[in-house]
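An overview of the molecular structure
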Amino acid sequence: MLPHFISGLVVRGFGRGSKALGIPTANLADDVVDTLPKEFNTGIYYGWVALERNIYKMVASIGWNPFFKNEKKTIEVHILHTFPDDFYGKEIKVIITGYIRPEKNFASVDELIKAIKDDIEIAKKELDKPEMLNYKNDAFLTS
């Protein structure tokens, strides 16, 4: 099932990533979410993302975000890079290369933020492994 390749335009999400959590995300449109295979498990993933010809590490939440009780499935990509501006309407290309954990609920926002920060650290380490670094140069991202 992995790697999994997706691309689409960045759309406005719920506005919680940056504001409530301090962890901004690039949200993909519903039509991209709808293309995920039915057997694709929800959860937290890592991989690579291309934005405007640059390639970055990423962590993605795919699913219902139980803490926020979403009513629709989303793909929210946290790019491990600080950007000066928003990039709504830009195309991103994503290669999902690994799975970190299933979705789960949290008792508080602080617990959620800690879990996300732990996920980021796991992603950084996993993406430094040679078999994961190979995907950084994949033609899907670089073309």
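If you look the protein chain up in an unreviewed UniProt entry, it shows as Riboflavin kinase from Odynerus spinipes. Turning to the protein chain, the UniProt annotation filed under Pathway (unreviewed entry) states: "Cofactor biosynthesis; FMN biosynthesis; FMN from riboflavin (ATP route): step 1/1." As stated in UniProt under Cofactor (unreviewed entry), the record for the protein chain gives "Zn(2+)".

1. Examining the pairing of strand β3 (residues 43-51)
Burial analysis of β3 places nine of its nine residues in the buried class, which makes it a mostly covered element. As judged from the nine bridges shared by β3 and strand β4 (residues 54-63), these two strands associate in the antiparallel manner. Bridging from a neighbouring strand, Ala50 pairs with Ile55 of β4. Counting the residues that bridge the hairpin from β3 to β4 gives two residues, and of these Glu52 lies at a positive phi of roughly 50 degrees. As defined by bridge partners, β3 adjoins strand β6 (residues 91-101) across eight bridges and the pair is classed as antiparallel. In the sheet register, Leu51 faces β6, and the bridge partner there is Ile92.

2. Things to note about a nonpolar patch on the surface
Among the surface-exposed residues, Met1, Leu2 and Tyr99 lie close enough to one another that they form a single nonpolar patch of about 280 Å² accessible area. The residue Tyr99 is located in strand β6 in this model.

3. As for helix α3 (residues 109-127)
Counted at 1.5 Å a residue, the expected span for α3 with its 19 residues is 27 Å, and the 27 Å between its end C-alpha atoms agrees. Those residues of α3 that sit buried are Leu112, Ile113, Ala115, Ile116, Asp119, Ile120, Ala123 and Leu127. Viewed end-on, α3 has its buried residues packed into an arc of 160 degrees, placing them on one side of the element. In α3, the exposed positions angled more than 90 degrees off the buried face are occupied by Asp110, Lys114 and Lys125. Residues of α3 that are buried make contact with β3, β4, β5 (74-79), β6 and α4 (130-136).

4. Overview of the environment of Met1
Along the chain, Met1 turns up in the segment before β1 (4-11). Separated by 39 residues in the primary sequence, Met1 and Phe40 have C-alpha atoms spaced 7.6 Å apart. Not counting residues within four places of it along the chain, the set of residues in contact with Met1 comprises Pro37, Glu39 and Phe40.

5. Overview of unusual backbone geometry
Between Leu2 and Pro3 the backbone carries a cis peptide bond, its omega angle lying at 5 degrees. Mapped onto the elements of the fold, Pro3 is located in the segment before β1. One non-glycine residue, Glu52, adopts positive backbone phi at about 50 degrees. Note that Glu52 resides in the loop between β3 and β4.

6. A closer look at the side chain of Thr97
In this fold, Thr97 is placed in strand β6. Residue Thr97 is classed as buried on the basis of its relative accessible area, which comes to 9%.

7. Regarding the sheet that holds β1
Pairing in this closed barrel of six strands is antiparallel, and the strands run β1-β2-β5-β4-β3-β6 around the ring. Strand-to-strand, the axes of this sheet are offset by a mean angle of 40 degrees, without reference to chain direction. Against the sheet, α3 makes contact with β3, β4, β5 and β6, and its axis sits at roughly 135 degrees relative to β4, the strand it touches most.

Rules used in this analysis
- Residues numbered from 1 in each chain as written.
- Predicted model: local features only at pLDDT ≥ 70, side-chain atom pairs only at ≥ 80, totals over all residues.
- Heavy atoms only, no water.
- UniProt positions renumbered as here; feature names shortened; annotations may be inferred.
- Buried < 20%, exposed > 50% of the residue type's maximum accessible area, 1.4 Å probe, protein only.
- Helix = DSSP H or I, 4+ residues; strand = E, 2+ residues; numbered from the N terminus.
- Pairing = 2+ DSSP bridges.
- Patch = residues over 30% accessible without salt bridge, like charges linked within 9 Å, V, L, I, M, F, W, Y side chains within 5 Å.
- Areas by Shrake-Rupley, 256 points an atom, 1.4 Å probe, with all protein chains shown as cover.
- Salt bridge = Lys/Arg side-chain N within 4 Å of Asp/Glu carboxyl O.
- Expected span 1.5 Å × (residues − 1).
- Arc of directions from axis to C-beta.
- Contact = heavy atoms within 4.5 Å.
- Axes fitted to C-alpha atoms, helices over the stretch in contact; angles between N-to-C directions.

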